[in-house]
Amino acid sequence: MISKTKSLLIFSFIIFTTQYSQAVNAYTDFVVTPITKNIYSIVSPSIGLPTPENEGWNSNIHFVVTENGVLLFDTGSSEVIGNKIKKAIQSITDQPVRWVINSHSHADHWLGNAAFAGVEIIATTEAMETMKKYGNDDVAFYHNVTNGTIGITHLVYPNLLLKEPLKRNFGGVEVELLFANNGHSPGDILMWLPEQKVMIGGDVLSSDYMPMITDHGDIDGLINTLNLVVQLNPSIVLTGHGSATTMSSVIRDSELLTSVWEQVKLDHKSGHTPVKTLSAVSVKLSSKYEPLYKDFTTQLDRHVKLMYQLKGENEE
Ligand SMILES: [Zn+2]
């Protein structure tokens with residue numbers, strides 16, 4: 001049985017991703033992109049639904065090579081993908097992966113943990129609760145939609161659970177794990193490298209595409225987190241989907257979300273409908289934001305409807 005929340009999650013995911021299904025790139029080998037000294041990304045060419053063609057690989061991972069091992073941020077959507085990530089990292093360094101961070105509980109960011117069983121795997125307590133609840137369903141869902149091309153995945157859960165943000169030195173590299181106020185999903189974390197001024201954001205931050213709001217995220221929390229990131233003034237921003245970017249994307253997302261959310265709150269209070277709000281925000285925001293996102297028009301509609309839904313739920 002899939003719960004109501006679970007089907008909503010999948011439904012939101014499908015709405016979010018269907019528009020890309022025609023444009024999804026064919027599956028390609030994992031390519032490691034150097035970002036700055038000792039920081040690397042493996043960017044998925046596909047950000048849409050997991051499909052037989054992309055073999056379920058639809059999210060980015062990032063890693064830091066330290067003097068004492070590799071710190072990995074996210075592990076992809078399956079054990080096979082996790083093993084490919086491991087192999088790609090070995091093409092860069094002889095250091096083993098010693099620490100894994102799971103940015104959040106969505107399947108495409110942690111099901112690859114199985115390839116790193118035995119190392120320290122860090123996530124928040126809240127993310128872990130969601131993983132435990134939906135992990136088996138997620139494996140089955142990914143297996144089905146990829147016609148099994150994703151392979152067999154064993155669930156390996158985080159083994160160091162955070163109840164509060166953490167500052168820690170990993171192999172000589174200062175790292176801060178920041179809580180994202182449940183902006184995208186319960187228990188999201190961001191990884192901040194203060195010396196390099198690199199912010200790694202999972203799905204809380206976006207580059208080419210509209211912010212990834214969800215029906216179990218917190219819009220105010222997301223806006224607050226984006227503003228916090230801006231205050232930290234990162235030079236490089238790495239995201240869970242799409243290419244590397246800079247702080248200008250974070251400012252853009254914060255301003256856009258604030259505009260739409262304020263309008264929804266106002267209109268919802270006045271008893272208006274999403275259709276009326278959509279037309280108002282389209283007129284107000286399109287000329288500025290349409291050139292800044294690859295999916296502005298289709299996602300604006302989803303944003304307004306989802307914000308109305310969240311506003312309604314808050315008041316129940
Ligand atoms: Zn996500």
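Keep in mind the model is a prediction, meaning the values are calculated, not measured.

Notes on the overall build of the chain
Looking only at helices and strands, one finds 7 helices and 12 strands in the chain. On C-alpha atoms alone, the chain measures out to a radius of gyration of 19 Å, which is about the 20 Å that the 2.2 N^0.38 rule sets for 316 residues. Seen through its principal axes, the chain has C-alpha atoms that stretch 60 × 45 × 35 Å. Residues counted as buried form 47% of the 316 residues belonging to the chain. The contacts of the chain with a sequence gap of at least 6 include a subset with a gap of at least 24, amounting to 67%.

With respect to the sheet that holds strand β7 (residues 160-162)
Remark on secondary structure: sheet strands pair via backbone hydrogen bonds, oriented parallel or antiparallel. The sheet built from 7 strands is open, its strands ordered β1-β2-β3-β4-β5-β6-β7 with mixed pairing. The open sheet is flanked by β1 (32-36) and β7, the only strands paired with a single partner. Within the sheet, the average angular offset between the axes of one strand and its neighbour, ignoring direction, is 25 degrees. Relative to strand β4 (residues 69-73), strand β3 (residues 61-66) is paired through 5 bridges, and the arrangement is antiparallel. Directly across from V65, in β4, lies its bridge partner V70. Contacts between helix α3 (residues 125-145) and the sheet are confined to β6 (120-124) and β7, with β6 contributing the most and set at about 100 degrees to the helix.

So, the pairing of strand β8 (residues 166-170)
The buried fraction of β8 amounts to 0 of the 5 residues, a small share that puts the element mostly on the outside. Between β8 and strand β9 (residues 173-179), which pair antiparallel in sequence order, lie 2 residues; one of them, G171, sits at a positive phi of approximately 55 degrees.

What to know about the nonpolar core
If you look at the biggest cluster of nonpolar residues, it comprises 78 residues, and the most contacted ones within it are F63, L190 and M191. Setting aside its immediate chain neighbours within four residues, F63 contacts Y40, V70, L71, L72, F73 and I89.

Some points on the sheet that holds β9
Taken in spatial order, the 5 strands line up as β8-β9-β10-β11-β12 in an open sheet, and their pairing is mixed. Edge positions in the sheet fall to β8 and β12 (236-238), since each of these pairs with one other strand and no more. In this sheet, neighbouring strand axes are inclined to one another by 20 degrees on average, regardless of whether the strands run parallel or antiparallel. With 5 bridges joining them, β8 and β9 adopt antiparallel strand pairing. Counterpart to K167 in the pairing with β9 is E176.

So, α3
For α3, which comprises 21 residues, the first-to-last C-alpha distance of 29 Å matches the rise-based estimate of 30 Å (1.5 Å per residue) to within 8%. At Y134, α3 shows its maximal kink, close to 55 degrees. Along α3, the residues classified as buried are E126, A127, M128, T130, M131, Y134, G135, D138, V139 and Y142. N147 occupies a position one or two residues after α3 and carries a positive phi of about 50 degrees.

Some remarks on the packing of helix α4 (residues 219-232) against helix α5 (residues 247-269)
Where α4 contacts α5, the two axes come as close as 9 Å, and the packing angle between them is 150 degrees. Here α4 lies roughly antiparallel to α5, going by the angle between them. Our pair here, α4 against α5, has a crossing hand that is left-handed. Every residue of α5 that contacts α4 at I219, L222, I223, L226, N227, V229 and V230 is listed here: M247, V250, I251, D253, S254, L257, T258 and W261. Taken together, the residues of the contact of α4 with α5 sort by class into 11 nonpolar, 3 polar and 1 charged.

Comments concerning the pairing of β4
Among the 5 residues in β4, 4 count as buried, and that is most of the element. The antiparallel pairing of β3 with β4 creates a hairpin that spans 2 residues between the two strands. In this view, the connection linking β4 to its parallel neighbour strand β5 (residues 97-101) by way of helix α2 (residues 79-90) has right-handed handedness.

Examining unusual backbone geometry
In this structure, N38 is a non-glycine residue whose phi angle is positive, near 65 degrees. Its location among the elements puts N38 in the loop between β1 and β2 (39-42). Although it is not a glycine, N182 adopts a positive phi angle of roughly 55 degrees. Checked against the element boundaries, N182 lands in the loop between β9 and β10 (189-193). Of the residues examined, N182 has 21 C-beta atoms within 10 Å and is grouped as buried.

Reading the values: rules and limits
Residues numbered from 1 in each chain as written. Predicted model: local features only at pLDDT ≥ 70, side-chain atom pairs only at ≥ 80, totals over all residues. Helix = DSSP H or I, 4+ residues; strand = E, 2+ residues; numbered from the N terminus. Rg over C-alpha atoms; globule rule 2.2 N^0.38 Å. Buried ≥ 20, exposed ≤ 12 C-beta atoms within 10 Å, placed from the backbone. Contact = placed C-beta atoms within 7 Å. Pairing = 2+ DSSP bridges. Axes fitted to C-alpha atoms, helices over the stretch in contact; angles between N-to-C directions. Core = buried A, V, L, I, M, F, W, Y, C linked by C-beta atoms within 7 Å. Expected span 1.5 Å × (residues − 1). Bend = angle between axes of the 7 residues up to and from the residue. Parallel < 35°, antiparallel > 145°, perpendicular 65-115°, else oblique. Left-handed = near helix turned anticlockwise from the far one by under 90°. Nonpolar A, V, L, I, M, F, W, Y, C, P; charged D, E, K, R; others polar. Right-handed = clockwise from strand over helix to strand, strands pointing away.

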